[in-house]
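# Observations on the model geometry
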There are 2 protein chains.
Amino acid sequence: MKIPFAASEPNQPHCDDCAVRPLGICAALDRGELRELDHLGRHVHFTSHETVFAQEELTTSFYNLLEGVMRLYKLLPDGRRQIVGFALPGDFLGIAISARNNFSADAVGAVAVCRFSRTAFMQFIADKPHLLRRINELVIRELGQAQDHMVLLGRRSAEEKVASFLIGWRVRLARLGDATNTLPLPMGRQDIADFLGLTIETVSRTFTKLERDGVIEIVPGGVRLVDLERVEVLAAA
Amino acid sequence: MKIPFAASEPNQPHCDDCAVRPLGICAALDRGELRELDHLGRHVHFTSHETVFAQEELTTSFYNLLEGVMRLYKLLPDGRRQIVGFALPGDFLGIAISARNNFSADAVGAVAVCRFSRTAFMQFIADKPHLLRRINELVIRELGQAQDHMVLLGRRSAEEKVASFLIGWRVRLARLGDATNTLPLPMGRQDIADFLGLTIETVSRTFTKLERDGVIEIVPGGVRLVDLERVEVLAAA
DNA sequence: CGTAAAATTGATATTTCTCAATGAGAGTGG
DNA sequence: CCACTCTCATTGAGAAATATCAATTTTACG
């Protein structure tokens, strides 16, 4: 059975010993600001498949992802889904959002976040130019990734899409310290398909083909990049 | 013959009587800031197909588009192109760009821009929280559009893509005051194709089909939305 | 161990692309 | 003013990639 509601942590930890402290937003904060932030954030847990926030909803909170993976997606009225990104620890969700959410977000596996009230956080950053600049930087980086992804969606073949996905995922995990050629893929095939603009069958067939070609090996819960170089060539810069 | 180099205006106009003054960045500036900006910007003209800046180049300038249309695009090594957006008057190019350009930009027809030195502009905004917030807003809006476009590229049919494009283009022109059902399409079919992740032939066929169905009428230099409602249904919100 | 969900595989359908030809319009030089 | 040429758009026929539908197989989980 699933726990229906997100549980709030009883003993609130401090920013000082936060795992994602050197990542994302918090990296730009000085000692005093961190202390201030300590009072604004609350740790919240979500179980797999729980929705953290939904498209079109009024944005009441911002989230700093501490642990786990989230999928960020948009739905068409007829149910077609496009995943616009996967969030990893250190990613800050909400800055890139106006009064209403542009997309939905839910947990892929267990997730822990640091939640901030939107208004409180807005107030916190309002007159801190260095923080505003930092946030700007982060949003601009996201925009750049979005543009890269447009190229992938609009102009690449299924095989190139899958290869690019693996390379991109690897790079992101590497930045979190997990620098190995065996990639965990906590999201399902359908998620990958909806991220790459493909069907689940095409994703599955492409994985199989890459494995037959000796480029990757499909392992439980992920993939091993047998021939990294070749994956990179397929991803075609 | 084409004029090979962009011509710099001899008599520099003032922000006060700038056509795009109430749009984009400048809308957020007060009297004094505008006067300051007057000294930073230089008007520059480009002729059709001229490149304003190129992908990977070091970003030395920001541009406020005054007149005309620009296409913003990324190229794959093998020449495939994805247009990530079209810029219209009032759009500010550069904020969303880091040290190196994320994409190339060139003129679709004649273009006039107000050019700023990157360093001077950065200095200008550095300690103006209200301006930083405004820029944030604009980048976030762009990111939202990018995410919408991902849905289009990844999950929509050719017909839906074309219909969405027409609706989106109409909305943008309407914001500039041109609120009619006859849309000028200054960009060519290949540009539309590269924006929508289609081939030129598919775009052409889709236009023809929409015309046969009595939804649009293809006119020289553009398209008339005969049955706006139906276009909107096809665009499928 | 049994059941449900997820992934894979196969056969076929459909969409979109590719290649090739034709047609229309804009600008040029005679 | 009229051929001429060039580019761009359209159209057609066939090919290819990916989607769809259906059936297994595998994995995860109680």
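Residues numbered from 1 in each chain as written. Chains lettered and ligands numbered in written order. Predicted model: local features only at pLDDT ≥ 70, side-chain atom pairs only at ≥ 80, totals over all residues. Heavy atoms only, no water.

Around DNA strand C, the surrounding shell holds 15 residues, and the nearest of these are Arg189, Ser204 and Thr208 of chain A together with Thr202 and Arg205 of chain B. Close to the protein, within 4 Å, the atoms of DNA strand C are drawn from sugar and phosphate at a rate of 62%. Within the contact set of DNA strand C, a phosphate oxygen lies 2.7 Å away from a side-chain nitrogen or oxygen of arginine 189 of chain A. Threonine 208 of chain A places a polar side-chain atom, nitrogen or oxygen, 2.6 Å from a phosphate oxygen of DNA strand C. When contributions to the surface near DNA strand C are tallied by element, the ones reaching two or more residues are α6 (200-212) of chain A together with α6 (200-212) of chain B. (Near = heavy atom within 4 Å. Polar contact = N/O pair within 3.5 Å; in protein donor to acceptor, adjacent residues only side chain to side chain. Helix = DSSP H or I, 4+ residues; strand = E, 2+ residues; numbered from the N terminus.)

Now for the relation of the copies chain B and chain A. For the match of chain B to chain A, the screw axis carries a shift of 0.0 Å, the RMSD comes to 0.0 Å, and the turn is 180°. Taken together, the turn and the small shift mark the pair as related by a two-fold rotation axis. A share of 100% of interface residues in chain B that are also interface residues in chain A marks the association as one of identical surfaces. (Least-squares fit on C-alpha atoms with pLDDT ≥ 70 in both. Contact = heavy atoms within 4.5 Å.)

Looking now at the pairing of strand β4 (residues 61-75) of chain B. Residues and elements named next belong to chain B. Within β4, 12 of the 15 residues are buried, leaving the element largely enclosed by the surrounding structure. When β4 meets strand β6 (residues 92-93), the two strands line up antiparallel, connected through 2 bridges. Pairing of tyrosine 63 across the sheet is with leucine 93, part of β6. Sheet topology places β4 next to strand β5 (residues 81-87); 6 bridges connect them, and they run antiparallel. (Buried < 20%, exposed > 50% of the residue type's maximum accessible area, 1.4 Å probe, protein only. Pairing = 2+ DSSP bridges.)

With that settled, the discussion passes to the sheet that holds strand β10 (residues 222-225) of chain B. All names here are of chain B. A sheet is described by the order of its strands in space; here 3 strands give the open sequence β8-β10-β9, paired in antiparallel fashion. A strand with exactly one partner marks an edge of an open sheet, and here the two such strands are β8 (182-184) and β9 (216-219). For this sheet, the mean angle separating the axes of adjacent strands, direction not counted, is 25°. (Axes fitted to C-alpha atoms, helices over the stretch in contact; angles between N-to-C directions.)

Residue and element names in this part refer to chain B. Taken as a whole and assessed by the stated rule, the structure comprises 28 salt bridges over all chains. Between arginine 71 and aspartate 191 there is a salt bridge, and its shortest N-O distance comes to 2.7 Å. A residue pair is termed long-range when its members are at least 10 positions apart, and arginine 71 in strand β4 and aspartate 191 in helix α5 (residues 189-196) qualify at 120 residues. Each of the two residues, arginine 71 as well as aspartate 191, counts as buried. (Salt bridge = Lys/Arg side-chain N within 4 Å of Asp/Glu carboxyl O.)

This paragraph deals with the domain arrangement of chain A. Residues and elements named next belong to chain A. Segmentation of chain A into domains returns domain 1 (7-151) and domain 2 (156-235). For domain 1 and domain 2, the distance between their C-alpha centroids amounts to 25 Å. Roughly 1300 Å² is buried in total at the junction of domain 1 and domain 2, and carbon and sulfur atoms are behind 61% of that figure. Three residues, Arg81, Phe86 and Leu88, lead the burial of domain 1 against domain 2; their summed loss comes to 44% of the area buried on that side. Our count for the domain 1 to domain 2 interface comes out at 4 salt bridges. (Domains from an automatic or database assignment. Buried area = accessible area lost by both parts, 1.4 Å probe.)

All names here are of chain A. One open sheet holds the 3 strands; their spatial order is β8-β10-β9, and the pairing between them is antiparallel. Edge positions in the open sheet fall to β8 (182-184) and β9 (216-219), since each of these has one partner strand only. Within this sheet the neighbouring strands show an average axis-to-axis angle of 25°, counted without direction. In the sheet, β9 pairs with strand β10 (residues 222-225) via 4 bridges, with the strands oriented antiparallel. Looking at the pairing, isoleucine 216 lines up with leucine 225 of β10. Relative to β9, α6 is tilted by about 125°, and along the sheet it contacts β9 and β10.

Per the stated rule, a full pass over the model turns up 0 disulfides over all chains. No disulfide involves cysteine 15 of chain A; its sulfur sits 5.9 Å from the nearest other cysteine sulfur, which is in cysteine 26 of chain A. With no disulfide partner, cysteine 114 of chain B has as its closest neighbouring cysteine sulfur the one in cysteine 15 of chain B, 6.2 Å distant. (Disulfide = S-S within 2.5 Å.)

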